[in-house]
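# A look at the structure
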Amino acid sequence: MDDPYHNNVNQQMTEGGEYPYTQDGGGQDGYPYHKDYTGKDDDAASDATEGADDDEQMYEGEYQGIPHPDEIKEARRAARIEARRKARLAGQQEEEEENLPEQYETIMEECGHGRFQWMLFFVLGLALMADGVDGFVVGFVMPSAEKDMCISNSDKGLLGLLVYVAMMVGALVWGGLCDKMGRRKCLIYVLTIDLLFSFLSCFAQSYGFFLFFRFCSGFGIGGSIPIVYTYFTEFLQLDKRGEHLSWLCMFWMLGGLYASFTAWGIIPHYGWGFAIGSEFQMHSWRLFIFVCLFPTLAALVGVVFMPESPRFLLENARHDEAWMILRQVHDTNWKAKGEPERVFTVTNIKTPQTQDDEFIEIQSDTGTAFQRWTVRHMTMLQQVMANMMSLSAPELRLQGLFLVIVWFCLAFSYHGLGVWFPDMIKYMQYEEYESKVRVFHRERVERFHFNFSLVNQIHREGEYIHDKFANIEMKSVKFEDSLFENCYFEDVKSTNTFFENCTIKNTIFYNTDLWQEKFKDCRMENTTFLHPKKGCHLNFQEENDIVIYMVSFLGSLAVLPGNIISALFMDKIGRIRIIGGSMLVSSACTFLLLLSFSQGAVICWQCLFYGASVAAWNGLEVISVELYPSSKRGTAFGILNGICKFAAIIASFIFAAFIGVTKIIPIFLAFSALVCGGMVALKLPETREKILS
């Protein structure tokens, strides 16, 4: 039944934010206003509303959850004001971001180039040297470690693979983090991780622990290259940038020289080691790893006393800290130049404030400590991922693709041939050694005392009756289809020695390292093993082949002329010509490898190739930090360096597969990669006159 006192007022909001009242049955909901209802007089108001002001009337829509028209108008007005404010701030931030590079370049020119940059140069150079040392450690210690820890050929390959994978992951992770956490802080973390786990690897007795420690060490030091170049670049003015970044590249060469020289002087001398029982071995190769920690330790101590990059601080709206550091740089340089009275005139630096920083700041003031920690790190992870994705922006996409191609091609050829050179020398040595093998066929030796070493021999279908083998060394000896009867072996040390399809009767093995893995398909009858030396043990009398150390030393030394030339001409002829010209000249050098018929020829062409290609590396590292803005510089360099490690992994497998098979395919692959990369490099933009964005 209809209520005659029901006032049907249909309220429909208009675009202007007002509510029209519909009468005469014109309501959209079909509820007409009852005209036959006569309104009450004012004096007939109810006692409940008597004496109330009109402004204090209760809005009846409040019971239905409908906002008051005045509230809606106020909310829309506030939204328009906020939108105008954000637009104004966005325009101001864009203007500040455009002005910051020119302003920062002017400030660096006022600070000058002097003592501070040279101190930072040597500190960061030591960090780069540490990375160069780590690149050689595994290759140098492996010949000794494989005997000390019984490492098989497949496990040796796994170690090299995992170290490069760790470096690749480290470059990606630390490169991204240094754009959010800071260059100095991340470099301290990187060097600390490398120092700690490299130290632990010196004492690892099992291959599993050694593998784990070297993997963690690689993850740490893998981030050093992106951070070092990004860090140093932001303290250099325009006219000094190319030259001094090229000089910095020389420290990687010094790392190779340091590693090869110390390995040459320490590892071959096995007498420097000691053993506690058969479980704990501490030989010279472990001492070599310990000595290789010195550059990392020195770099870590130096970085602790260095300031954060002021450019990073300005990008993150930390104006006061950046100003203090810039003043420190200014005062240090001009005081060293004899002008301590010169005043730092910069008083104001425009810095953009990012919403991400505001978000972290707000969240840090709320919640528990764990919640704040979670918010900070999850937000930082989101920022790093967003920074990586932003590298695919239209203005960065094409140049980024070109850089990826050049990095991959140069790394593929350089690291591929870096594996091919020493392996080729080893193969030539093996062929020469095999050509001198002595073969004994159907010999019969009875009641003889073998008190001399057996080296590079093959004994087939021999008979050894009542013989004694005591205090001798067997190196590269193989017994095939032979008979040992009533023999006695005592204090025998063996290297690459095997018994295949032999019959051994009434024989005693006392204090020897001849154990199960040495006997293949052999028949044992009344044979006794007393006090066996289980596992793998170093031979203290064996002299390591020093050729491999000499090859690495000469290869590292050969890049010195290329480093000097690239540093002197980087700012004169430009980065693009340096990169393209160096890669094309290096491709021509690869054809000379077809003439490598001796170890000396391989070493000669290796030195020539390294000397020609190092200029391309220097130019590529300089242009990589100059092409990207400061907020993305470390992230981009980390990705490019990760691609470099990925190319090295692929190349090492491909080039090693053709050792002893053919030279043509590795040479053709290296040539093709260098030509392709050199041609693409010519398409990159020149950054010689580019202010860091």
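Residues numbered from 1 in each chain as written. Predicted model: local features only at pLDDT ≥ 70, side-chain atom pairs only at ≥ 80, totals over all residues. Heavy atoms only, no water.

## Brief notes about the side chain of Arg214
Spelled out, the test is: Per the convention used, a helix needs a DSSP run of H or I reaching at least four residues, while a strand needs a run of E reaching at least two, with both numbered from the N terminus. Burial classes: relative accessible area under 20% of the type maximum marks a residue as buried, over 50% as exposed, and values in between as partly exposed (1.4 Å probe, protein chains only). For the purposes of these results, a polar contact is taken to be a pair of N or O atoms within 3.5 Å, where, inside protein, one atom must be able to donate a hydrogen and its partner to accept one; residues adjacent in sequence count only when each atom of the pair is a side-chain atom. Residue contacts are defined here by distance: any two heavy atoms, one from each residue, within 4.5 Å place the two residues in contact.
Along the chain, Arg214 turns up in helix 5 (residues 207–221). With a relative accessible area of 4%, Arg214 lands in the buried category. A polar contact of 3.2 Å, which involves the side chain of Arg214, links it to the side chain of Ser201. Excluding anything up to four places from it in sequence, Arg214 contacts Asp134, Val137, Leu159, Val163, Ser198, Ser201 and Ile289.

## Brief notes about the sheet that holds strand 7 (residues 463–465)
Filter applied, for reference: Strand pairing is defined by DSSP finding a minimum of two bridges between the two strands. Axis angles are defined between N-to-C directions and span 0 to 180 degrees, where every axis is a line fitted to C-alpha atoms and, for a helix, only to the segment in contact.
In space, the five strands of this open sheet follow the order 4-7-9-12-15, with parallel pairing throughout. Each of the sheet's edge strands pairs with one partner strand only, and the pair in question is strand 4 (444–446) and strand 15 (523–525). Between one strand and the next, the sheet's axes are offset by a mean angle of 5°, whatever the strand orientation. Alignment of strand 12 (residues 503–505) against strand 15, held across three bridges, turns out to be parallel. Bridge pairing links Lys505 to Glu525 in strand 15.

## Here's the deal with the environment of Ile188
Position of Ile188 among the secondary structure elements: in helix 4 (residues 183–201). Separated by 111 residues in the primary sequence, Ile188 and Ala299 place their C-alpha atoms 9.0 Å from one another. With residues near it in sequence (within four places) discarded, Ile188 still touches Leu300, Val303 and Val304.

## Examining unusual backbone geometry
Leaving glycine out, the prevailing phi sign among residues is negative, and the prevailing peptide bond configuration is trans. Within the chain, Asn471 stands out as a residue other than glycine whose phi angle is a positive 55°. Its place among the elements puts Asn471 in strand 8 (residues 468–480). With phi around 55°, Asn496 is a residue other than glycine that occupies positive phi space. Relative to the helices and strands, Asn496 is located in the loop between strand 10 (488–495) and strand 11 (498–500). Classification of Asn496 as partly exposed rests on a relative accessible area of 48%.

## Topic: the pairing of strand 10
Looking down a regular strand, the side chains alternate between one sheet face and the other. With seven bridges joining them, strand 8 and strand 10 adopt parallel strand pairing. In the strand pairing of strand 10, Lys468 is matched with Tyr488. Direction of pairing for strand 10 relative to strand 13 (residues 508–510): parallel, over a ladder of three bridges. When the bridges of strand 13 are listed, Glu490 appears paired with Tyr510.

## Regarding the pattern of salt bridges
Put simply, the test is: By definition here, a salt bridge exists when the distance from a side-chain nitrogen of Lys or Arg to a carboxyl oxygen of Asp or Glu is within 4 Å.
For the coordinates displayed, the defined rule picks out 17 salt bridges. Close ionic contact of Glu339 with Arg342 constitutes a salt bridge, the shortest N to O distance being 2.9 Å. When the shortest N-O distance is used, the salt bridge between Asp571 and Arg575 registers 2.7 Å. Exposure remark for Asp571: the relative accessible area of 21% places this residue in the partly exposed category. Within the structure, one salt-bridge network assembled from shared partners comprises Asp179, Arg183, Glu234 and Arg633.

## Focus on the side chain of Thr512
With respect to the secondary-structure elements, Thr512 resides in the loop between strand 13 and strand 14 (519–520). Taking relative accessible area as the criterion, Thr512 reaches 2% and is therefore assigned buried. For Thr512, the side chain forms a polar contact with the main-chain nitrogen of Leu514, separated by 3.4 Å. Ignoring anything within four residues of it in the chain, the contact list for Thr512 reads Phe489, Glu490, Asp491, Val492, His531, Pro532 and Lys533.

## Observations regarding helix 9 (residues 294–304)
Basically, it comes down to this: In this description, one arc is meant: the one made by directions from the helix axis to the C-beta atoms.
All of the buried residues along helix 9 are Pro295, Thr296, Ala299, Leu300, Gly302 and Val303. Looking straight down helix 9, one finds its buried side chains confined to an arc of 165°; they lie on one side. Each element contacted by the buried residues of helix 9 is listed here: helix 2 (115–148), helix 4, helix 7 (238–266) and helix 8 (284–291).

## A few points about the packing of helix 4 against helix 6 (residues 224–233)
Put simply, the rule reads: By the definition adopted for this analysis, an angle is roughly parallel if under 35 degrees, roughly antiparallel if over 145, roughly perpendicular if from 65 to 115, and oblique otherwise. By definition, any crossing whose near helix is turned counterclockwise from its far helix by less than a right angle is left-handed, and any crossing with a clockwise turn is right-handed. In this classification, the charged set is Asp, Glu, Lys and Arg, the nonpolar set is Ala, Val, Leu, Ile, Met, Phe, Trp, Tyr, Cys and Pro, and all remaining amino acids, among them Gly, are polar.
Following both chains from N to C, one finds helix 4 and helix 6 inclined at 150°, their axes separated by 10 Å at the closest point. Here helix 4 lies roughly antiparallel to helix 6, going by the angle between them. Where helix 4 crosses over helix 6, the handedness of that crossing is left-handed. On the side of helix 4, the interface is formed by Arg183, Arg184, Cys186, Leu187 and Val190, while helix 6 contributes Ser224, Ile227, Val228, Thr230 and Tyr231. Within the contact of helix 4 with helix 6, the residues separate by chemical class into six nonpolar, two polar and two charged.

## Structural notes on the packing of helix 15 (residues 547–557) against helix 18 (residues 599–627)
Where helix 15 contacts helix 18, the two axes come as close as 9 Å, and the packing angle between them is 30°. Relative to helix 18, helix 15 is oriented roughly parallel. The two elements helix 15 and helix 18 cross, and the hand of that crossing is right-handed. Residue-level contacts link Val547, Met550, Val551, Leu554 and Gly555 of helix 15 to Gln599, Ile603, Gln606, Cys607 and Tyr610 of helix 18.

## Quick look at the confidence of the model for the protein
To be explicit about the condition: pLDDT is a per-residue confidence score from the predictor, ranging from 0 to 100.
Residues at a pLDDT of 70 or more form 81% of the protein, whose mean pLDDT is 80. Taken element by element, the predicted model of the protein shows its lowest mean pLDDT in helix 12 (residues 355–364) (47) and its highest in helix 9 (94). Per-residue pLDDT stays below 50 along residues 538–544; that stretch engages in 26 contacts with residues further than four places along the chain or on separate chains.

## A short note on the packing of aromatic side chains
Any pair of aromatic rings gets described here by the distance separating the centres and the angle formed by the planes. Basically, it comes down to this: Only Phe, Tyr and Trp rings take part, Trp by its six-membered ring, and two of them pair if their centres are within 6.5 Å. Stacked means planes under 30 degrees apart, edge-to-face means over 60, and tilted covers everything else. Working rule: Lys NZ or Arg CZ, within 6 Å of ring centre, within 35 degrees of ring normal, means a charge sits over the ring.
In the structure shown here, the tally under the stated rule is 53 aromatic pairs. For the ring pair Phe479 and Phe484, a centre distance of 5.3 Å and an interplane angle of 80° mean the geometry is edge-to-face. Among the residues examined, Phe479 registers a relative accessible area of 2% and is labelled buried. An aromatic cluster is defined as three or more aromatic residues linked by ring pairs; in this entry it consists of Phe448, Phe450, Phe452, Tyr464, Phe469, Phe479, Phe484, Phe489, Phe499, Phe509, Phe519 and Phe529. Taking NZ or CZ as reference, Arg342 lies 3.7 Å from the ring centre of Trp334, over its face. Over the ring of Phe498 we find Lys520; its NZ or CZ atom is 4.3 Å from the centre of that ring.

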